[in-house]
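Working through the structure, step by step
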Amino acid sequence: MGVITTGSIPKLLWPGMNAIWGQSYQDWARKYEEMFDVSSSEKNYEEDAEVPGFGLAPVKAQGASIIYDQTQQQTISRYQHVAYALGFIVTHEEMKDNLYEKKGFNGTKALSRSLRHTVENVAANIYNRGFNTAYTGGDGKPLFSASHPTASGNQSNLLTAADLSEAALEDAVIQIMNAVDARNLKISLMPESLHIATANVFEAERILKSILTPGTGNNAVNAIRSLGMFPKGAMVNPYLSDADAYFIRTDIEDGLRFFWREEPDFAQDGDFDTSNLKYKAYMRMSCGWSDFRGAYGSSGG
């Protein structure tokens, strides 16, 4: 059990200390909100069900009966909320003998930071594990797969395993624009944002914002930029673990989803027998995907 005693940070008991450091840093803006559509939940879990529409209408011969199509429930995506919690205990003596109340260890602030980073790591792992067949969605496939089963056959949101480049992004955009629904009908699907690890931040900036073709002496227009692809731009995420991998979020609804069942809550209480003070932080959430077309991913070169 983690108990902070007078021996844990003994310098707080002696005069002459100027500051303590290491518990608080400037953190990144919330990255999970860029990677998911965030909603709240009032249930133990949330479920999304895929119900495809109808196929193309066939020719009806004169006097012949109409052909009737049918549909039925397909993939079920369940978002089972998971609780995360952390706490610490401070002895009565440590609280009373601390000579630097304002400079001392700020445990509640540290708890808040811990939960914030927990959220980011859990969310980013949906993408980090997106190529791993051990982590599957409602259709039994990983997030990024060339064989997502649909009513009209397998479909892919897996991009070519190539380093981030203008050509690779152009191929990715073409693949996205050629997307179809479960009944093989064309979808007006477009890329919205590019998500990269820190190692690709400069390359992404050159690719998306150069006026002319990046990396060459050709006086040719940068088609990605001039066509207005990636209107939300490139978003660097330090929680992405693969330096080469990159991901594209599309404008589809019900793609990548994040649910808050209980946002971070903090509480404290005293222990009657020991006079120790207990502090805790708790949250409950879930994240994943319903429609795989919500994101396309490449593992890089």
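As a reminder, the structure under discussion sits directly above these lines.
Residues numbered from 1 in each chain as written. Predicted model: local features only at pLDDT ≥ 70, side-chain atom pairs only at ≥ 80, totals over all residues. Heavy atoms only, no water.

1. Quick look at the pairing of strand S11 (residues 295-298)
Test applied: Whether a residue is buried, partly exposed or exposed follows from its accessible area with a 1.4 Å probe, protein chains only, as a fraction of its type maximum: under 20%, in between, or over 50%, in that order. Secondary structure elements follow DSSP: runs of H or I no shorter than four residues count as helices, runs of E no shorter than two count as strands, and numbering proceeds from the N terminus. Any two strands between which DSSP finds at least two bridges are classified as paired.
Of the two faces of S11, the one carrying Ala-295 and Gly-297 and the one carrying Tyr-296 and Ser-298 are both buried. Across 4 bridges, the pairing between strand S8 (residues 246-250) and S11 is antiparallel. Residue Arg-249 lies in a different strand from S11, and its bridge partner there is Ala-295.

2. Observations regarding the environment of Leu-208
To keep things clear, this is the line we draw: Every residue pair with non-hydrogen atoms within 4.5 Å of one another is taken to be in contact.
As for its position among the elements, Leu-208 is in helix H5 (residues 201-209). Spatially, the C-alpha atoms of Leu-208 and Gly-233 are 7.2 Å apart, while their sequence positions differ by 25 residues. In this structure Leu-208 touches Leu-169, Leu-194, Asn-222, Ile-224, Arg-225, Phe-230, Gly-233 and Ala-234, once residues within four positions along its chain are discounted.

3. What to know about the nonpolar core
How we decide: Nine residue types can take part in a nonpolar core, namely buried Ala, Val, Leu, Ile, Met, Phe, Trp, Tyr and Cys, and a core is a set of them joined through side-chain atoms within 4.5 Å.
Of all hydrophobic cores here, the largest spans 27 residues; its most connected members are Phe-36, Val-119, Ile-126, Tyr-127, Leu-256, Phe-258 and Trp-260. When contributions to this core are tallied by element, the ones reaching two or more residues are helix H1 (32-35), strand S5 (82-90), helix H3 (107-128), strand S9 (256-270) and strand S10 (277-289). Here Ile-126 is in contact with Phe-36, Leu-143, Leu-256, Cys-287, Gly-288 and Trp-289, once residues within four sequence places are set aside.

4. A few points about the side chain of Lys-31
With respect to the helices, strands and loops of the structure, Lys-31 is situated in the loop between strand S1 (3-4) and H1. Judged by its relative accessible area of 6%, Lys-31 falls in the buried class. Beyond its immediate sequence surroundings of up to four residues, Lys-31 is in contact with Glu-120, Val-236, Asn-237, Pro-238 and Tyr-239.

5. Examining H5
For clarity, the threshold we go by: Each direction from the helix axis to a C-beta atom contributes to the arc, which is the arc of those directions.
Turning to H5, its buried residues are Ala-204, Ile-207 and Leu-208. The arc that holds every buried residue of H5, seen down its axis, measures 85°, which confines them to one face. Of the exposed residues in H5, the ones pointing more than 90 degrees away from its buried face are Phe-202 and Lys-209.

6. A word on the pattern of salt bridges
Short version of the rule: The rule for a salt bridge is simple: a side-chain nitrogen of Lys or Arg has to be within 4 Å of a carboxyl oxygen of Asp or Glu.
Summed over the entire model, instances satisfying the criterion amount to 13 salt bridges. Among the salt bridges present, the one from Glu-262 reaches Arg-284, with a minimum N-O distance of 2.9 Å. Here Glu-262 is found in strand S9, whereas its partner Arg-284 is found in strand S10, with 22 residues between them in sequence. Owing to a relative accessible area of 30%, Glu-262 belongs among the partly exposed residues under this scheme. Overlapping salt bridges bring together Asp-48, Asp-254 and Arg-257 as one network.

7. Description of the sheet that holds S11
The following threshold applies: Working convention: axes come from line fits to C-alpha atoms, limited for helices to the stretch in contact. Angles between N-to-C directions cover 0 to 180 degrees.
Overall, mixed pairing links the 4 strands, which are arranged S7-S6-S8-S11 in an open sheet. One side of each edge strand has no neighbouring strand; the edge strands of this open sheet are strand S7 (234-236) and S11. When the angles between neighbouring strand axes are averaged without regard to direction, this sheet yields 20°. With 3 bridges connecting them, strand S6 (residues 191-196) and S7 associate as parallel partners. Residue pairing for S7: His-195 is matched across the bridge by Met-235. Along the sheet, H5 makes contact with S6 and S7, crossing S6 at roughly 155°.

8. Considerations on the environment of Thr-118
Rules: Within 3.5 Å is the distance limit for a polar contact, defined as a pair of N or O atoms, with the added protein rule that one can donate a hydrogen and the other accept it, and that residues adjacent in sequence qualify only through two side-chain atoms.
Its place among the elements puts Thr-118 in helix H3. Apart from residues no more than four positions distant in its own chain, Thr-118 is found in contact with Tyr-84, Met-283 and Met-285. A polar contact of 2.8 Å, which involves the side chain of Thr-118, links it to the backbone oxygen of Ser-114.

9. Some details on the packing of aromatic side chains
Each aromatic ring pair is described using two quantities: the centre-to-centre distance and the angle formed by the ring planes. Under the convention used in this document: Planes of paired rings set the category: under 30 degrees apart is stacked, over 60 is edge-to-face and the rest tilted, where pairs are Phe, Tyr or Trp rings (Trp by its six-membered ring) whose centres lie within 6.5 Å.
Applying the stated criterion to the full structure yields 12 aromatic pairs. Geometrically, the ring pair formed by Tyr-127 and Phe-144 is tilted, given 6.3 Å between the ring centres and 50° between the ring planes. Of this pair, Tyr-127 sits in helix H3 while Phe-144 is found in the loop between H3 and helix H4 (166-177), placing the two residues 17 residues apart along the sequence. Of the two residues, Tyr-127 and Phe-144, both sit in the buried class. Residues Phe-131 and Phe-247 carry aromatic rings whose centres are separated by 6.0 Å and whose planes lie at 25° to one another, so their mutual orientation is stacked. Here Phe-247 lies in strand S8 and Phe-131 lies in the loop between H3 and H4, a separation of 116 residues in the sequence. Three or more aromatic residues joined by ring pairs make a cluster, and in this case those are Tyr-32, Phe-36, Tyr-127, Phe-131, Phe-144, Phe-247, Phe-258 and Trp-260.

All we've got here are geometric facts, nothing functional implied.
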